[in-house]
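Here is what each chain is made of, one letter per residue.
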Amino acid sequence: MTRVRIFDSPAALSRALAGHVARALAAHPAIVLGLATGRTPIPLYRELVRLHGAGRADFSRATTFNLDEFLGVGATDPRSYRAFMQTHLFDHVNLSARRIHFLNGAVGPGRGVARECDRYERAIERAGGIDLQILGLGMNGHIGFNEPARALAARTHSARLKPATRRANAPLFGNRVGAVPREALSMGMATILHARRIVLLATGSMKARSVERMIAGPVTPRLPASFLQLHRHVDIWLDRAAARNLG
Ligand code: F6R
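Small disclaimer: the values here were computed from a predicted structure and weren't measured.

A.B. asks: What's the story with the site of the ligand in this structure? I'm lost.
C.D. replies: The environment of the ligand is formed by 14 residues, the closest being Thr40, Asp68, His142, Gly144 and Lys207. Take threonine 40: an N or O atom from its side chain is 2.5 Å from an oxygen atom of the ligand. The side chain of histidine 142 places a nitrogen or oxygen atom 2.6 Å from an oxygen atom of the ligand. For the ligand, the protein covers 90% of the area, taking 410 Å² as the surface of the free molecule.

See the structure below:
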């Protein structure tokens, strides 16, 4: 079932969602969280760091898996998604380093990529699966780096990034679109849909069209987020701007 929640502002949404995550941590300290990078969850992570500082969010037994990473970009590279997560969350909360999981973008081509994707799938399985997956929404309807296409990959794979996605990520690469890798590693659509619960966040009017198609349009690989309609426990958290096309 898809439930839609609409908030007055991204700040109000982030406060409410951070509270929700903190309550999930309290109820289930060994929770397995799926995490996203990008601009949308930054205020959520800020709020989680604040709650942690106030003694209201304990990550000591939690496990995390991030959705994706650029291919050819190593974990210690400041442009990596891993570095992004260190800056916005990991450096400021009490997650145990051995329970933070990330795709390694520095793997060699060919077999190296296949082995890395396999390793990640197995690690998710060994952790018992993802309890709560947090997702952002690409302007073109992608989730993770599952880009619009004729067909989608089910499992963790290397994905070719669309020009619009490379443009959206240019700020991480000194605003040089040409410097953004053409490929990334990403959880696949089935990997995402296997999470027990999913919360997708979208804020701003630029996302309104994809939000409308995701919720009210057909399930199609042309809008990967529409596959969330197939999941039993999806919450779509929006601000008013992102929700403006919903009736
Ligand atoms: C990032 C990710 C992407 C983003 C999406 C939205 O880990 O999986 O799918 O969630 O590109 O990005 P923002 O939030 O920057 O608009």
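Still more ground to cover, so stick around.
A.B. asks: Any chance you could explain the packing of aromatic side chains here in plain terms?
C.D. replies: One pair of aromatic rings is described through two measures. These are the centre distance and the angle between the planes. All chains considered together, the criterion is met by six aromatic pairs. Plain terms: the ring middles of phenylalanine 65 and tyrosine 120 are 5.6 Å apart, the flat faces sit at 75° to each other, and that makes the pair edge-to-face. With a gap of 55 residues between them, phenylalanine 65 in strand E3 (residues 63-66) and tyrosine 120 in helix H4 (residues 111-126) connect regions that are remote in the sequence. The class of phenylalanine 65 is buried, set by a relative accessible area of 0%. For tyrosine 120, a relative accessible area of 0% gives the class buried. One aromatic cluster is present, built from ring pairs that chain together Phe70, Tyr81, Phe145 and Phe173.

A.B. asks: Looking at this model, I keep getting lost on unusual backbone geometry. Mind explaining?
C.D. replies: In terms of backbone geometry, most residues other than glycine have negative phi values and most peptide bonds are trans. Here asparagine 175, not a glycine, exhibits a phi torsion of approximately 60°, which is positive. Tracing the backbone through its elements, the reader meets asparagine 175 in the loop between helix H5 (163-168) and strand E8 (183-186).

A.B. asks: Just checking my understanding: could you explain H4 for this structure?
C.D. replies: Every α-helix winds through 3.6 residues per turn, so residues three or four apart in the chain are directed the same way. For H4, built from 16 residues, the straight-helix expectation of 22 Å at 1.5 Å per residue is met to within 8% by its first-to-last C-alpha distance of 22 Å. All of the buried residues along H4 are Gly112, Val113, Glu116, Cys117, Tyr120, Glu121, Ala123 and Ile124. As for H4, its buried residues are in contact with E3, strand E5 (100-101), strand E7 (157-160), E8 and helix H6 (189-193). The first or second residue beyond H4 is glycine 128, which carries a positive phi of 95°.

Parameters at a glance
Residues numbered from 1 in each chain as written. Predicted model: local features only at pLDDT ≥ 70, side-chain atom pairs only at ≥ 80, totals over all residues. Heavy atoms only, no water. Near = heavy atom within 4 Å. Polar contact = N/O pair within 3.5 Å; in protein donor to acceptor, adjacent residues only side chain to side chain. Areas by Shrake-Rupley, 256 points an atom, 1.4 Å probe, with all protein chains shown as cover. Phe/Tyr/Trp six-rings, centres within 6.5 Å; stacked < 30°, edge-to-face > 60°. Helix = DSSP H or I, 4+ residues; strand = E, 2+ residues; numbered from the N terminus. Buried < 20%, exposed > 50% of the residue type's maximum accessible area, 1.4 Å probe, protein only. Expected span 1.5 Å × (residues − 1). Contact = heavy atoms within 4.5 Å.

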